[in-house]
Amino acid sequence: MITSGFEDEDKWLAEGIAGIQQNAFYMHRALDANNLREALKYSSQLLSELRTSRLSPHKYFELYMRAFDELRKLEMFFKEQDRHGCSVADLYELVQHAGNILPRLYLLCTVGSVYIKSKDAPAKDVLKDLVEMCRGVQHPIRGLFLRSYLAQVSRDKLPDIVSECEGDADTIMDAVEFVLQNFIEMNKLWVRMQLQGPVRVIEKRNKERNELRDLVGKNLHVLSQIEGIDLEMYKDTVLPRILEQVVNCKDELAQYYLMDCIIQVFPDEYHLQTLETLLGACPQLQPTVDIKTVLSLLMERLSNYAASSPELLPEFLQVEAFAKLSNAIGKVIEAQVDMPVVGAITLYVSLLTFTLRVHPDRLDYVDQVLGACVKKLSGKAKLEDTKATKQVVALLSAPLEKYNDIVTALTLSNYPCVMDHLDDGTNKVMAMVIIQSIMTNNTCISTADKVEVLFELIKGLIKDLDGTPVDELDEEDFKEEQNSVARLIHMLYNDDPEEMLKIICTVRKHIMTGGPKRLPFTVPPLVFSALKLIRRLQGQDGEVDGEEVPATPKKIFQLLNQTVEALSYAQSPELALRLYLQCAEAANDSDLEPVAYECFTQAFLLYEEEIADSKAQVTAIHLIIGTLQRMNVFGVENRDTLTHKATGYSAKLLKKPDQCRAVYACSHLFWVDDQDGIKDGERVLLCLKRSLRIANAAQQMANVARGSSGPITLFVEILNKYLYFFEKGNPQITGAAIQGLIELIKNMQSDTTTPDRASDAFFASALRYIQFQKEKGGAMGELYNSINV
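The following paragraphs examine the structure supplied in this document. (Residues numbered from 1 in each chain as written. Predicted model: local features only at pLDDT ≥ 70, side-chain atom pairs only at ≥ 80, totals over all residues. Heavy atoms only, no water.)

This brings us to the packing of helix α32 (residues 636-650) against helix α33 (residues 656-666). At a closest axis distance of 8 Å, the pairing of α32 and α33 adopts a crossing angle of 160°. Classified by the interaxial angle, the pair formed by α32 and α33 is roughly antiparallel. The interaxial crossing formed by α32 with α33 has left-handed handedness. Across from Ala 646, Thr 647 and Ser 650 in α32, the residues of α33 making contact are Gln 659, Ala 662, Val 663 and Cys 666. Here the residues of the contact of α32 with α33 are counted per class, giving 4 nonpolar, 3 polar and no charged. (Axes fitted to C-alpha atoms, helices over the stretch in contact; angles between N-to-C directions. Helix = DSSP H or I, 4+ residues; strand = E, 2+ residues; numbered from the N terminus. Parallel < 35°, antiparallel > 145°, perpendicular 65-115°, else oblique. Left-handed = near helix turned anticlockwise from the far one by under 90°. Contact = heavy atoms within 4.5 Å. Nonpolar A, V, L, I, M, F, W, Y, C, P; charged D, E, K, R; others polar.)

See the structure below:
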C-alpha cells in the first residue's frame, strides 16, 4: 500500500509503537508472574503490529526494532522455562499455535534459537525447519525483516568448527546451506518489490529497495564469517550458488549490489583463485548494470592485495590474472553493445591501474591495455564527452605517475594512438601533463627518435591542430603553454654531438610549423641549445657539404641562421636581432670570423629595415655596440666596417639625448683593455667630442623649447667617460680637457634658473671622486693633481 504522506506515515508509526508498548507492558507482567500462556498471548499481539503494510522501509525498521528489543527479553524468559518444567521441545510446539502467521514465525524463530542452544535437537534440523517455515510470509517488506531476524538470532548458533554446535565438514555444509537458502529467499522477496504498485512510483520503490539492501547483503557477510569454509568449499559450492542467484534474478539493482557484496566480504585470496568463475558472471548481468564499477572495485582489491606482499606475485602469474581480467572486460564490452564509451574507457583505466600496481615491469601488458582502448575508440570521431575525455586523460596519466619517467611512456607504441582520439583542447591539457612530468622528474630525453615521439605527443601545443587561429586563444593560457614548450627544449640533451645535432634538427622541424605567434617562444631555447653545442665543439672545423658530415660549428651556424631568419618573418625583428648577436658571440668564441660578420650584417639589416620604434632602436644599437666591443675575431677591415656602421646609426637616432649616449658608448669600440692593438685614442676623443656637440645641441633645443637650459646630465655622463679613458691612459684625454669640461658644467649650473637635483648630485659625486683620487696619492693621485675641483 502506498503511503499518502509523511504525516499519515508518522501517525501510523506512532500507533504501531503505542500498540507494541501496551502489549509489552502486559507481556512483562506475565513474564514476572511466570505465566507462559499470557506471555505468549501478549507477545503475539505485540508482534501483530509488524503486519502493517502502511509504512515505508525506513519507518517499518523503527517499528521492527521496538519489537526486536521485546523479543530479546522474551528469549531470556524462554531459556528459563526448562527449569520450570516446560521443555524447549514442548515450547517449540506450543508457539506454533499462534493465530497469525507473522507473530507465529517470529516466536518460532525466537524459541528455535533457544532450542538450538539447548542441544535437544540437531541444529541443522531446527535451522532447516525455520528457513522453510518462513516461506509462509511472502510480503516483501515483512518477509525481509522476518528473515533478517532469523539470520540475527541464528548467527551465533550455526554449526561451524568453533561454535558450541561443533561438527565435521557435513555440519559446516549444513550451516552454509541454511545461510544460502535464507539469502536466496530474501533476494527473491527483495527483487519482487519492484513489481509492487503502479509504474509511476518506480523511483520511490527503488529508493525503498535501496534502504533494504543491507538486509539481504548481511547473509553474505554471515557466510564469509563461518569458520571452516575453505577455498575448496567456496570455489565448489558457495560462489557458484551465489552467482547463480545473482544472474537468475535479472534485476539491475540486485545484481550490482550483490556483486559488490561478494567482492567486499570475501577474502582477496578467494577472489584471486576463483577469478574465472567470478568474471564469467559479468557478461551475463543485465546491460544496465554498472559493471564497470564492479570490476573496478574487484581490480582495486586485487591490486591492494598484491601490494600487501611481494611474495604474492607468483600467484597472480600462476592464475593469469591479467589475461583473465582483460578477457572479461573485452567480453563485457562486447556483450553490452549500448555501453557508453566512457564506461569502456573507465574499465581500461581500472585494468591499467591494476597492471601498473601488480605487473609494473610488464610494459607489454600496459601497451596491450592502451591498444584495447585504441580499438574501442577506432572509427569514432574525436571525443567530445567530458567524462570520457577525463577518463582518457587518467588512462594516459597513469603510466607517467607510475614510472615518473616519460621515456618509458615513449616506448609504448599505442600511447600516441590514444592521444589522437582526444579533442584539441584536451590534447593540449595532456601535453601539459606530459611536460609537467618531465620537468618534475627532471627527465632528460636523449635520442632524436624519442624526441620525435615526444613532439608528436605534444603537437597540440606546437601547432594549430584544427585550424583555430592563435588569436582566438586565451592570451595567458597560450603564453603558459609556449613557455612550457620552451622549458621542455632545455631538457633534450645528449653527450654525443652527432645525436645532439639530430635532436636539434628534430625539434626545429616541429617548431617551425608553429606559426608566427609561437616562434618567439620556441626559437630562442632552440638557439641557445644549439649555441651550447657549438661551444662544446670549439676548435673543430669542417665543411657543410653532404648529409653525413659530422657535427661542426659551421654546420650548426648555418642551421641557426635559417632558424633565426624565420623570426623576422614572424614580426619579431628585435628578438631576431638579439639572437643574431648571441650567435655572433659564439662565432667569436669559435674563431669563425665570416660567421660572426654575417651575424652582424643580419643584425644591421634588421635594424635598418624592420625596427622602426625609436625606443626599440635605442635598445638595439646599444646591444650591437656592447656585443661588438667584446669581439676579437675581426680583422681590421671588418672591424672598421662594423664600427663605422655602429657610430653612424648612433648619430642618426631620433632624439638628441639618445644620439649623445649612443655616440659616447661607441668610444669603447676603439679602446678595449684586454686586447692588443685596439687602443685608438684619437677616435675615442672624436666620439667624445661628437657627443659633446650633440649634448650642446640638445641643451640649445631645450632652451628654445622651454625657455631655460636643459639638465646637465648628458655633460656629467660625458665627463665620466673622460675620466674613464683618462685613467686608462689614453694620451688624447688630458687633464686640461677634463678641467675645461668641469668649468663648463659649473657655468651651466650657475646659469640655470631651475636647478636639477639629480644632475647636480651626479656632478657632485664625480667631483668627490676626483678629490678622492687626488687625496689617495700614488700614480693615480699624480695623474689627477692637474685637475682643480
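Another aspect to go through is the packing of aromatic side chains. The full count for this structure, using the stated rule, is 24 aromatic pairs. An angle of 50° between the planes, with centres 4.9 Å apart, marks the rings of Tyr 234 and Phe 266 as tilted. Taken together, the residues Tyr 234 in helix α10 (residues 231-249) and Phe 266 in the loop between α11 (252-265) and α12 (268-273) connect sequence positions 32 residues apart. Overall, Tyr 234 belongs to the buried group, its relative accessible area being 0%. By relative accessible area, Phe 266 is classed as buried at 4%. (Phe/Tyr/Trp six-rings, centres within 6.5 Å; stacked < 30°, edge-to-face > 60°. Buried < 20%, exposed > 50% of the residue type's maximum accessible area, 1.4 Å probe, protein only.)

Further remarks concern the nonpolar core. In this structure, Leu 223, Ile 262, Tyr 415, Ile 434, Leu 454 and Phe 455 are the most contacted members of the largest nonpolar core, which totals 278 residues. Filtering out sequence-adjacent residues up to four positions away, Leu 454 remains in contact with Ile 406, Leu 410, Ile 434, Ile 438, Ile 445, Leu 488 and Leu 492. (Core = buried A, V, L, I, M, F, W, Y, C linked by side-chain atoms within 4.5 Å.)

With that settled, the discussion passes to unusual backbone geometry. The general pattern is negative phi for most residues beyond glycine and trans for most peptide bonds. Unusually for a residue other than glycine, Lys 250 sits at a positive phi of about 50°. Tracing the chain through its elements places Lys 250 in the loop between α10 and α11.

Its location among the elements puts Ala 587 in helix α29 (residues 573-589). Separated by 44 residues in sequence, Ala 587 and Met 631 have C-alpha atoms that sit 9.4 Å apart. If sequence neighbours within four positions are ignored, Ala 587 has contacts with Phe 557, Leu 592, Val 595 and Ala 596.

Right, let's talk about the pattern of salt bridges for a bit. In total, this model carries 23 salt bridges according to the counting rule given. Between Glu 208 and Lys 204 there is a salt bridge, with the nearest N and O atoms lying 2.9 Å from each other. With a gap of 4 residues between them, Glu 208 and Lys 204 both fall in helix α9 (residues 202-225), about one helical turn apart. With a relative accessible area of 15%, Glu 208 lands in the buried category. A relative accessible area of 35% places Lys 204 in the partly exposed class. Among the salt bridges present, the one from Lys 517 reaches Glu 475, with a minimum N-O distance of 3.1 Å. In this pair, Lys 517 is assigned in the loop between α26 (497-511) and α27 (519-536) and Glu 475 in helix α25 (residues 475-489), connecting sequence segments 42 residues apart. Lys 517 gets classed as partly exposed once you look at its relative accessible area, which sits at 26%. Exposure remark for Glu 475: the relative accessible area of 35% places this residue in the partly exposed category. (Salt bridge = Lys/Arg side-chain N within 4 Å of Asp/Glu carboxyl O.)

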